[in-house]
Amino acid sequence: MKRTIRKVAVIGSGVMGSRIACHFAGIGVQVLLLDIVPPALNDAEMAKGLTLDSKQVRNRIVNDAMQATLKSKPSAVYTKAVVSHITTGNIDDDLPKIKDADWIIEVVVERLDIKQKIFDQVEKYRKPGTLVTTNTSGIPIHLMSEGRSEDFQQNFCGTHFFNPPRYLRLLEIIPDPKTKPEVIDFLMDYGDRFLGKTTVLCKDTPAFIANRVGVFGFMAVFKAMQQLGLNVDEVDTLTGPVLGRPKSATFRTGDVVGLDTLVHVAKDLPANVTDDEAIEIFKLPPFLEKMVENKWLGDKTGQGFYKKIKDEKGKSDILTLNLETMEYGPKVKTKFATIDAAKPVDDLTQRLKVLYAGTDKAGEFYRLFHHMLFAYVSHRIPEIADELYKIDDGLKAGFGWEIGAFESWDALGVQKVLEQMKADGFEAAPWVAQMLEKGFTTFYKTENGQRKYYDIRTQIYQPIPGMGAFILLEHLDEKVVWKNSACKLYDIGDDVVALRWNTKMNTVGGEVLEGVQKSVAIAEEKYKGLVIANGGANFSAGANVGLIFMFAAEQDFDELDMAVRQFQQTTMRLRYSSIPVIVAPHGLTLGGGCEMCLHADAVQAAAETYIGLVEVGVGLIPGGGGSKEMALRAGDRNIKEDIEVNYLQQLFINIGTAKVSTSAHEAFDNFVFRKGYDHISINPDRRIADAKRNVLMMAERGYTQPVARNDIKVQGRGGMGGLLSGIHGMWRGNYISDYDKLIAEKLAHVMCGGDLTAESLVSEQYLLDLEREAFLSLCGQKKTLERLQSILTTGKPLRN
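Residues numbered from 1 in each chain as written. Predicted model: local features only at pLDDT ≥ 70, side-chain atom pairs only at ≥ 80, totals over all residues. Heavy atoms only, no water.

Draft legend 1. Geometry of the overall build of the protein chain. Helix and strand content of the protein chain: 33 helices and 27 strands. Taken over C-alpha atoms, the radius of gyration comes to 28 Å for the protein chain, in line with the 28 Å a tight globule of 800 residues would show. The principal-axis extents of the C-alpha atoms in the protein chain amount to approximately 80 × 70 × 65 Å. Looking at the 800 residues of the protein chain, the share that counts as buried comes to 55%. Across the protein chain, contacts joining residues at least 24 apart in sequence account for 69% of those joining residues at least 6 apart. On the protein chain, roughly 34500 Å² of surface is accessible, and the fraction owed to carbon and sulfur atoms is 52%. (Helix = DSSP H or I, 4+ residues; strand = E, 2+ residues; numbered from the N terminus. Rg over C-alpha atoms; globule rule 2.2 N^0.38 Å. Buried < 20%, exposed > 50% of the residue type's maximum accessible area, 1.4 Å probe, protein only. Contact = heavy atoms within 4.5 Å. Areas by Shrake-Rupley, 256 points an atom, 1.4 Å probe, with all protein chains shown as cover.)

Here it is in structure tokens:
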């Protein structure tokens, strides 16, 4: 049976239901979102004279939930326009409409009796063969399908999304005993290719995989904290980005997720897994029980481990809960020698070694926590998963860990850590020692570019299923055809090469520019095309600000001029190569990273790409061809609707306000990406393979090197007058500073083609020269130096 998902019905519009609806709408699927009818009128409805029969009242719960979701931050949608794909309704009146759905997802409260009542009604209206799934986070799947028809059971499955579903990529697939294999295969594939998820096939065990281990991780942190006498601020310092975890670390994450959710899982597990060797760790610490009693559940109740207040002057401040006194107080500054030693180490696998080896209390914490974690995950195989990579996938995609538990153990050394665990009284599962005895020293290895894991059933390394669809450059070291200290160029097969660089925040400096130019030259000589993509959290945070600051502070304009020319030459090399070049960005793609995208033949962006020209924030204008490119695009197009809209003005405002698109979809709306040229990979792991496929298509169609442009229409003084008028108005209204006004005037000068008396046709080089001249002149300004220094010292732009 071929399945096509055109319409999805989501039953339950709470935090998860409404966000799941938004995620489906974001990929173009029509969604019917339903919830219950309210039992009574509220005051506003009574004041309007409405009744319980009024549609506005009957749909109040679902509509209020939808509006709350659309206002949430970070945004639950790629663009606001996707809301048009969602139709709301109520279960009493609109449930019959599910007959038109290809997939019905239940997302109601976590109570088996309520879910069963919903499924009673679903069976009345669903058409045979329709997928029915539940978003339960822990109720046994087989209990929900009991007593249902054979067709229902065969097409029924657990699909556990993680909140927020747009950003947390995990989708656990938990089959019912009677689920058809083709349904499981479909959900695994659809979740990956269309929803952009890391799909993990789970056993129907309590809390499945990610929550079972993830919640243990929380409880282990609580135990280590109490044992070592640490406070909330110290623990969040220790368990945040330095450890490869989200900025929200432990306690902030707890506040965001909701302590009731954490407590629910922690309480249920001991009752359902009585043979769990670490069952005592799941016992709630007294402070957690007190917080639940006080209804200090985190963001949903206004306070949890942290509490946001406003002082007498109306300024926001965040207080931290003292877990001994249960009173809130100012955040405590933290200082650990181990953290200071680890922070300069960019490579997380190397940084873990520094943390684990620490001799202060931080080092004690890391050893204690990792020993508890490693022992626990080793004992969960084969209970919750037969394959160890599933546990790592769950932690990375569901909890935002950069590196999984078994990957961490590999990084620290399996044998060495196992010996230390034994010495400290922690016992790993016997299969770990058996693996080492057989000469297998790691849980993972890479052979011929193929990622493999140690399989305890066959006792050999096996390929990780599904990885063939992905191209992960960090696993292709044997395919390197050229490199320098920052860059590596890989042969990714079929006569295509891919460039990747590895610098702090993947910033662009001289060696990266050299790498780009060298890669284009090699591709032109020996290959069909080039893909440019990076690993890590971000594609590129832009040019190396430290280098610019150094040259500007020393007023070394010759070096600055050379650096800007090199950047411009590099982006133009991308534009005018004899082979197709596709850039595949993800995460932050700012400044110079954005400029590379603007000059590629095409872009293959991850959906979560946050892209923009942000140089104004550091007192500059885009100097690597970005200002020129936006002037070129403005000259090539005006938007005409009922009235003519000046496209140049829109692009000028985007640069002048350092606008960053909050998704790849929004980048089309902001004219950074071009319809018909640039594309989106919903699953970021597929973007390099997708880019390679498009490179080959372009090559096979007969790619022709573009001709340098000498026909760019610029508006001269006529266009500049309008822009300068707007700038002056913003300045007079105190919306921008004197220095912002100067930067904007420089930008307007470039984008309008300089001081020309009328519309004119100019070359790209002419605009590049204007751009470089303006960039250099701003580098000589004291206030630019202040802004650059602020970015370097605080990470935040200065408004001066």
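Draft legend 2. A look at the confidence of the model for the protein chain. Of all residues in the protein chain, 99% attain a pLDDT of 70 or more, and the chain-wide mean is 94. This model gives residues 639-645 a pLDDT under 50, and the stretch forms eight contacts once residues within four places in sequence are excluded. (pLDDT = per-residue confidence, 0-100.)

Draft legend 3. Layout of helix α16 (residues 348-356). If you check which residues of α16 are buried, you get L348, R351, L352, L355 and Y356. In an axial view of α16, the angular spread of the buried residues amounts to 135°, which keeps them on one side of the axis. If you follow the buried residues of α16, they end up packed against α15 (337-342), α17 (361-379), α19 (405-412) and α20 (414-423). (Arc of directions from axis to C-beta.)

Draft legend 4. Region of interest: the sheet that holds strand β13 (residues 450-455). Read from one edge of the open sheet, three strands run β12-β13-β14, paired in antiparallel fashion. Where the open sheet ends on each side, the last strands, each with one partner, are β12 (444-447) and β14 (460-463). Adjacent strand axes in the sheet meet at a mean angle of 40°, parallel and antiparallel pairs treated alike. (Pairing = 2+ DSSP bridges. Axes fitted to C-alpha atoms, helices over the stretch in contact; angles between N-to-C directions.)

Draft legend 5. Expanded view of the sheet that holds strand β11 (residues 327-330). Across the sheet, which stays open at both edges, the three strands sit in the order β9-β10-β11 with antiparallel pairing between neighbours. Unpaired on one side and paired on the other, β9 (306-310) and β11 mark the two borders of the sheet. The sheet shows a mean angle of 40° between the axes of neighbouring strands, direction not considered. With five bridges connecting them, β9 and strand β10 (residues 316-322) associate as antiparallel partners. Pairing of K307 across the sheet is with L319, part of β10.

Draft legend 6. Region of the structure containing the nonpolar core. One finds F305, F406, W409, W431 and F443 to be the most contacted residues of the largest nonpolar core, which totals 122 residues. Top contributing element to this core by residue count: helix α10 (residues 210-228), with twelve residues. Formed by 80 residues, the second largest nonpolar core is a distinct cluster that contains L648, F671, L770 and L788. (Core = buried A, V, L, I, M, F, W, Y, C linked by side-chain atoms within 4.5 Å.)

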